[in-house]
Amino acid sequence: ETGVTQSPTHLIKTRGQQVTLRCSSQSGHNTVSWYQQALGQGPQFIFQYYREEENGRGNFPPRFSGLQFPNYSSELNVNALELDDSALYLCASSLGSGGGTEAFFGQGTRLTVV
Amino acid sequence: GENVEQHPSTLSVQEGDSAVIKCTYSDSASNYFPWYKQELGKRPQLIIDIRSNVGEKKDQRIAVTLNKTAKHFSLHITETQPEDSAVYFCAADPLKAAGNKLTFGGGTRVLVKP
């Protein structure tokens with residue numbers, strides 16, 4: 001086990017609703033990145049949090065937002081859910097003061113929007 | 001931004017044969033290139049990585065080569081076994097800041113036939 005845990009594992013929401021996904025980083029890791037993985041595709045970078053600050057964002061609209069807490073756990077919030085938001089959401093934690101450190105992934109949250 | 005292309009999308013090999021997966025990237029600033037293995041329903045797991053100051057790296061049956069001039073890198077698996085069957089993703093990271101901001105390829109589904 002890598003130590004990165006995500007909750008919940010599965011979630012079904014209705015279009016227009018809001019959702020919060022949670023990630024506990026591996027002990028000692030101060031950086032959490034979030035990725036969206038659509039079926040049959042590679043993960044896409046959503047954003048990253050480093051020491052409680054957003055530290056980079058991918059090509060996702062503002063209705064995707066997040067937080068990082070003092071214990072370095074993190075939340076991903078998605079407002080006004082759309083059908084295309086259905087995907088596996090992965091978080092990855094790492095220890096970083098520079099890039100290129102190994103990213104340890106959680107098992108993911110499977111979000112279905114109906 | 002970075003764009004990573006991965007080929008082939010599917011690869012079927014006989015047990016004991018070799019498998020080669022190729023990736024190209026667009027951003028010359030990328031300096032870290034990890035490879036992840038994702039089994040069905042499981043989290044991506046790092047299998048090998050390479051940094052731009054190295055041309056080749058080997059770990060038992062797997063090896064990765066990097067050609068920075070041509071902006072491509074490859075994964076080589078020798079003596080394939082049925083447990084190598086999975087989806088493999090290449091990724092690139094610009095090493096510009098903390099942690100990792102990985103751009104993934106689209107994945108290669110590898111099937112090793114016994």
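For the structure itself, consult the block above.
Residues numbered from 1 in each chain as written. Chains lettered and ligands numbered in written order. Predicted model: local features only at pLDDT ≥ 70, side-chain atom pairs only at ≥ 80, totals over all residues. Heavy atoms only, no water.

Colleague: I keep staring at the pairing of strand β11 (residues 108-113) of chain B and nothing clicks. Help me out?
Modeller: Every other side chain in a regular strand lies on the same face of the sheet, so the side chains alternate between the two faces. Residues and elements named next belong to chain B. Side chains Thr108, Val110 and Val112 of β11 all project onto a buried face; the interleaved residues Arg109, Leu111 and Lys113 project onto a face where none is buried. Pairing of strand β2 (residues 10-14) with β11 involves five bridges; the strand directions are parallel. In the strand pairing of β11, glutamine 14 is matched with lysine 113. Sheet topology note: the strand β9 (residues 86-92)/β11 ladder contains three bridges and is antiparallel. The partner of alanine 86 across the bridge, within β11, is valine 110. (Buried < 20%, exposed > 50% of the residue type's maximum accessible area, 1.4 Å probe, protein only. Helix = DSSP H or I, 4+ residues; strand = E, 2+ residues; numbered from the N terminus. Pairing = 2+ DSSP bridges.)

Colleague: Is there a simple way to think about the environment of B:Tyr36 in this case?
Modeller: Mapped onto the elements, B:Tyr36 comes out in strand β4 (residues 32-38). Taking the C-alpha atoms as reference points, B:Tyr36 and B:Tyr88, separated by 52 residues in sequence, lie 5.7 Å from one another. With residues near it in sequence (within four places) discarded, B:Tyr36 still touches A:Ala103, A:Phe105, B:Pro44, B:Gln45, B:Leu46, B:Ile47, B:Val87, B:Tyr88, B:Phe89, B:Leu102 and B:Phe104. Among the polar contacts listed, one links the side chain of B:Tyr36 to the backbone oxygen of A:Ala103, at a separation of 3.3 Å. (Contact = heavy atoms within 4.5 Å. Polar contact = N/O pair within 3.5 Å; in protein donor to acceptor, adjacent residues only side chain to side chain.)

Colleague: Just checking my understanding: could you explain the sheet that holds strand β1 (residues 4-7) of chain B for this structure?
Modeller: The strands that make up a sheet pair up through hydrogen bonds in the backbone, lying either parallel or antiparallel. All names here are of chain B. Pairing in this open sheet of five strands is antiparallel, and the strands run β1-β3-β8-β7-β6 from one edge to the other. In the strand order of this sheet, the two ends are held by β1 and β6 (56-59), each with one partner. Each strand of the sheet is rotated relative to its neighbour by a mean of 15°, with strand direction disregarded. (Axes fitted to C-alpha atoms, helices over the stretch in contact; angles between N-to-C directions.)

Colleague: Sorry if this is basic, but what is going on with the environment of A:Gln37 here?
Modeller: Assignment of secondary structure puts A:Gln37 in strand β4 (residues 31-37). By relative accessible area, A:Gln37 is classed as buried at 6%. Each C-alpha atom, one on A:Gln37 and one on A:Gln107, is 12 Å from the other, the two residues being 70 residues apart in sequence. Dropping the residues within four chain positions of it, A:Gln37 is found in contact with A:Gly42, A:Pro43, A:Ala87, A:Leu88, A:Leu90, B:Gln38 and B:Phe89.

Colleague: So what exactly am I meant to see when it comes to the pattern of salt bridges here?
Modeller: It is possible for side chains of opposite charge to pair when their charged atoms get near one another. All names here are of chain B. Under the definition given, this model contains six salt bridges over all chains. Between aspartate 49 and lysine 57 there is a salt bridge; the shortest N-O distance is 2.8 Å. Judged by relative accessible area, which is 10%, aspartate 49 ranks as buried. For lysine 57, a relative accessible area of 34% corresponds to the partly exposed category. Between arginine 61 and aspartate 84 there is a salt bridge, with its nearest N and O atoms 2.9 Å apart. (Salt bridge = Lys/Arg side-chain N within 4 Å of Asp/Glu carboxyl O.)

Colleague: Teacher, can you tell me more about the packing of aromatic side chains here?
Modeller: The description of an aromatic ring pair rests on the distance of the ring centres and on the angle between the ring planes. Per the counting criterion, the structure on display carries 13 aromatic pairs over all chains. Aromatic side chains B:Phe33 and B:Phe73 sit 4.8 Å apart centroid to centroid with 50° between the ring planes, which places their arrangement in the tilted category. Here B:Phe33, found in strand β4, pairs with B:Phe73, found in strand β8 (residues 72-77); they are 40 residues apart in sequence, far enough to count as distant. B:Phe73 carries the same exposure label as B:Phe33, and that label is buried. The rings of A:Tyr35, A:Phe45, A:Phe105, B:Tyr36, B:Phe89 and B:Phe104 are connected pair by pair, giving a single aromatic cluster. (Phe/Tyr/Trp six-rings, centres within 6.5 Å; stacked < 30°, edge-to-face > 60°.)

Colleague: Got a minute to help me understand the sheet that holds strand β3 (residues 19-24) of chain A in this structure?
Modeller: All names here are of chain A. Spatially, β1-β3-β8-β7 is the arrangement adopted by the four strands of the open sheet, whose pairing is antiparallel. Each having just a single partner strand, β1 (5-7) and β7 (64-68) make up the two edges of the open sheet. With strand direction ignored, the average angle separating the axes of adjacent strands in the sheet is 20°. Summarising the sheet, β7 and strand β8 (residues 74-78) pair through five bridges and their orientation is antiparallel. Bridged to glycine 66 within β8 is leucine 76.

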